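# Fold and geometry: a report
The chain contents come next:
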Amino acid sequence: MATQIDKEACREAYNQVRDDNTDTNWAVFKYEGSMILPGGTGADYEDFKGLCTDDARLFAFVRITMGDAMSKRAKFTLITWIGENISGLQRAKVSTDKALVKEIVQNFAKEFMFSDPRELDADNIRSELKKAGGANYDAQAE
C-alpha cells in the first residue's frame, strides 16, 4: 500500500517549530502503518533524541539557534532517522517517502540522514549548519 501523509496535522507541527513565538524546537513525523503522522513536538532536544531508537524510522524538523555574541538566528534542519533494526525494505521506503515530508517541510538549511545516536549530537549538527551557512563572522571563536 502506498504511503500517505496527514498534510494538515504535519503542517501544523511544522509551523509550530517555525513560529518564533513558541518554545517548540522540534517536530517528529513518524509512521503508523502506511500513514506518516505527527509523532510529537517539544522544546528539549534531548527529548527528541530519545525518540530515535534502533526500532524507529522517522523524520524530524528541528530548530537550532546559531550565531555569536552580536546576533542570534534560527536555522532549521530536516533529519531522517533510520534505526539499526529497520529492515532493508523499510529503509528503502523511507527514502521514497521523504518526498511526501518535503511537500510540507520546505524551508531548511541542511538535511541529515542518521542511524547512529552519536550523530544526533547537537554540537555536531550545529557545526554542520555553520559550514553550510557560508561566511562565518564569529570573531570571538577564532
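Okay, so let's go over this structure. Because the structure is a prediction, the values reported are computed rather than measured. (Residues numbered from 1 in each chain as written. Predicted model: local features only at pLDDT ≥ 70, side-chain atom pairs only at ≥ 80, totals over all residues. Heavy atoms only, no water.)

## What about the overall build of the chain?
In terms of regular secondary structure, the chain is built from four helices and six strands. The helix and strand sequence of the chain, counted from the amino end, reads β-α-β-β-α-β-β-α-β-α. Taken over C-alpha atoms, the radius of gyration comes to 15 Å for the chain, in line with the 14 Å a tight globule of 142 residues would show. Judged by the C-alpha coordinates and their principal axes, the chain covers about 55 × 30 × 25 Å. Put simply, the chain has 142 residues, and 36% of those count as buried. Within the structure as shown, the chain displays about 7,900 Å² of accessible surface, and the carbon and sulfur contribution to it stands at 46%. Measuring between centres, the 19 positive side-chain charges of the chain sit 5 Å from its 24 negative side-chain charges. (Helix = DSSP H or I, 4+ residues; strand = E, 2+ residues; numbered from the N terminus. Rg over C-alpha atoms; globule rule 2.2 N^0.38 Å. Buried < 20%, exposed > 50% of the residue type's maximum accessible area, 1.4 Å probe, protein only. Areas by Shrake-Rupley, 256 points an atom, 1.4 Å probe, with all protein chains shown as cover. Lys, Arg positive; Asp, Glu negative; His and termini not counted. Charge placed at Lys NZ, Arg CZ, Asp CG, Glu CD.)

## Quick word on the pairing of strand S6 (residues 110-114)
Relative to S6, strand S5 (residues 72-82) runs parallel, the two being bridged by five bridges. Bridge assignment links Trp-81 to a residue of S6, and that residue is Phe-114. One crossover worth recording links S5 to the parallel S6 by way of helix H3 (residues 88-102), and it is right-handed. (Pairing = 2+ DSSP bridges. Right-handed = clockwise from strand over helix to strand, strands pointing away.)

## As for the pairing of strand S4 (residues 57-67)
Among the eleven residues that make up S4, nine are buried, leaving the element largely enclosed by the rest of the structure. In the sheet, S4 pairs with S5 via eleven bridges, with the strands oriented antiparallel. Pairing of Ile-64 across the sheet is with Lys-75, part of S5. Hairpin connection between S4 and S5: a loop of four residues separates the two successive antiparallel strands.

## What about the side chain of Arg-63?
With respect to the helices and strands, Arg-63 occurs in strand S4. Separated by 2.7 Å, the side chain of Arg-63 and the backbone oxygen of Val-17 make a polar contact. Every residue in contact with Arg-63, bar those within four places of it in the chain, is listed here: Val-17, Arg-18, Asp-19, Asp-20, Thr-24, Asn-25, Ala-74, Lys-75 and Phe-76. (Polar contact = N/O pair within 3.5 Å; in protein donor to acceptor, adjacent residues only side chain to side chain. Contact = heavy atoms within 4.5 Å.)

## Focus: the packing of aromatic side chains
Evaluation of the coordinates by the stated rule reveals six aromatic pairs. Where Tyr-45 meets Phe-48, the ring centres are 5.4 Å apart and the plane angle is 50 degrees; that geometry is what we call tilted. Pair noted here: Tyr-45 and Phe-48 are both in helix H2 (residues 45-51), with a separation of three residues, about one helical turn. On the basis of relative accessibility, which here comes to 0%, the residue Phe-48 falls in the buried class. Aromatic ring contacts, followed pair by pair, group Tyr-14, Phe-61 and Phe-76 into a single cluster. In this arrangement the basic side chain of Arg-57 is found over the ring face of Tyr-31, its NZ or CZ atom lying 3.7 Å from the centre. (Phe/Tyr/Trp six-rings, centres within 6.5 Å; stacked < 30°, edge-to-face > 60°. Lys NZ or Arg CZ within 6 Å of the ring centre and 35° of its normal.)

## As for the side chain of Asp-97
For Asp-97, the location among the structural elements is in helix H3. On the basis of relative accessible area, Asp-97 is assigned to the buried category, the value being 4%. Every residue in contact with Asp-97, bar those within four places of it in the chain, is listed here: Thr-3, Tyr-31, Ile-36 and Phe-59.

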